[in-house]
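# Secondary and tertiary structure notes
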Amino acid sequence: YKNDVHIYDFSTKNWQCTKLQGDIPFPHYLSGLGVLDDKHVLIFGGYGSETGNQSLGPRFFYDLYKVNTETLESEKLWTLNNPEQDFVVSNSLVVNTVAGTFYALAYSLRQFYTCLDLLKFSIDNPQYEVLGDSIPINFEDTHSYVDLFFDKKANHLVVLTSGPTALHSSDYEVSIYT
C-alpha cells in the first residue's frame, strides 16, 4: 500500500528500497504489471485508497502507466472511463509490442463465485475487447491468486489460479488453463 520499490542486487545479494516517482497515486492493490521493453514496464488498474488506509474511500483504478525501470519515473498513458462493471486484473500483463496491445485477466473483486475474462487492451488508447469464454474462479481476497503468462515455445497464453474450494475453506484448488 505504498510506493516502495524493492530492488534485489544479485551481485551483492542485497535489497535496496527506494520510491517510485511520477504520476501513479498509491496504492494500486490488485493491479497488473507487464514488461514493455528492456527499460520500461506497464502498470494497469487496481483498487485502493490514496490514503493507504483501505477502509477510507477505496476506489477502482483504470489507468495505464509506463514506468522507467532505471529512473523509476512513471508516466500516465491513459484512463479508461466508466467500464460497464468494476473489475481488477491479474498480477501479470502480457504485452505484445508489435501489435501495440496487452492482455489481462479481469474479474470481480466483490464476489466469491466470479469469472475471469481475458481482455485485450490497446497501449495507445483507452479501449479493450473481451476475448474467448470466461473461466470460473473462487475469489477470496488474500487467499486467492490469479496470473497470466505467455508460453513463447507453444505460442499461447497460460492462466494460473489458486483459491479456496468454498468460502472460508482451508481446502485449496490450483488450476492451469491454456
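Right, let's walk through the structure included here. Being a predicted model, the structure only gives us computed values, none of them experimental.

Sheet architecture is open: three strands sit in the order 13-14-15, paired in antiparallel fashion. The outermost strands of the open sheet, each flanked by one partner alone, are strand 13 (145-151) and strand 15 (172-177). Each adjacent strand pair in this sheet contributes to an overall mean axis angle of 15 degrees, direction not counted. As paired elements, strand 13 and strand 14 (residues 156-164) share seven bridges and run antiparallel to each other. Along strand 14, the bridge assignment pairs V146 with T161.

A separate point is the pairing of strand 11 (residues 113-122). One ladder, built from six bridges, connects strand 10 (residues 101-107) with strand 11; its direction is antiparallel. Bridging across to strand 11, A104 finds its partner in L119. Linking strand 10 to strand 11, which pair antiparallel, is a turn of five residues. Note: strand 11 against strand 12 (residues 128-138), eight bridges, orientation antiparallel. Bridge pairing links L116 to I135 in strand 12. Between the antiparallel neighbours strand 11 and strand 12 lie five residues.

This structure, assessed with the given rule, holds 13 aromatic pairs. Residues W78 and F121 carry aromatic rings whose centres are separated by 6.3 Å and whose planes lie at 25 degrees to one another, so their mutual orientation is stacked. One end of the pair, W78, is in strand 7 (residues 73-79); the other, F121, is in strand 11, and 43 residues separate them in sequence. By way of ring pairs, the aromatic residues F44, Y47, F60, Y62, W78, F87, F102, F121 and Y128 are connected into one cluster.

This next bit is on the pattern of salt bridges. Where side chains of opposite charge bring their charged atoms close, a pairing between them can arise. Applying the stated criterion across every chain, the model contains three salt bridges. Note that K76 is salt-bridged to D63, the shortest N-O span being 3.8 Å. With a gap of 13 residues between them, K76 in strand 7 and D63 in strand 6 (residues 59-68) connect regions that are remote in the sequence. The class for K76 is partly exposed, based on a relative accessible area of 39%.

Rules behind the numbers
- Residues numbered from 1 in each chain as written.
- Predicted model: local features only at pLDDT ≥ 70, side-chain atom pairs only at ≥ 80, totals over all residues.
- Heavy atoms only, no water.
- Pairing = 2+ DSSP bridges.
- Helix = DSSP H or I, 4+ residues; strand = E, 2+ residues; numbered from the N terminus.
- Axes fitted to C-alpha atoms, helices over the stretch in contact; angles between N-to-C directions.
- Phe/Tyr/Trp six-rings, centres within 6.5 Å; stacked < 30°, edge-to-face > 60°.
- Salt bridge = Lys/Arg side-chain N within 4 Å of Asp/Glu carboxyl O.
- Buried < 20%, exposed > 50% of the residue type's maximum accessible area, 1.4 Å probe, protein only.

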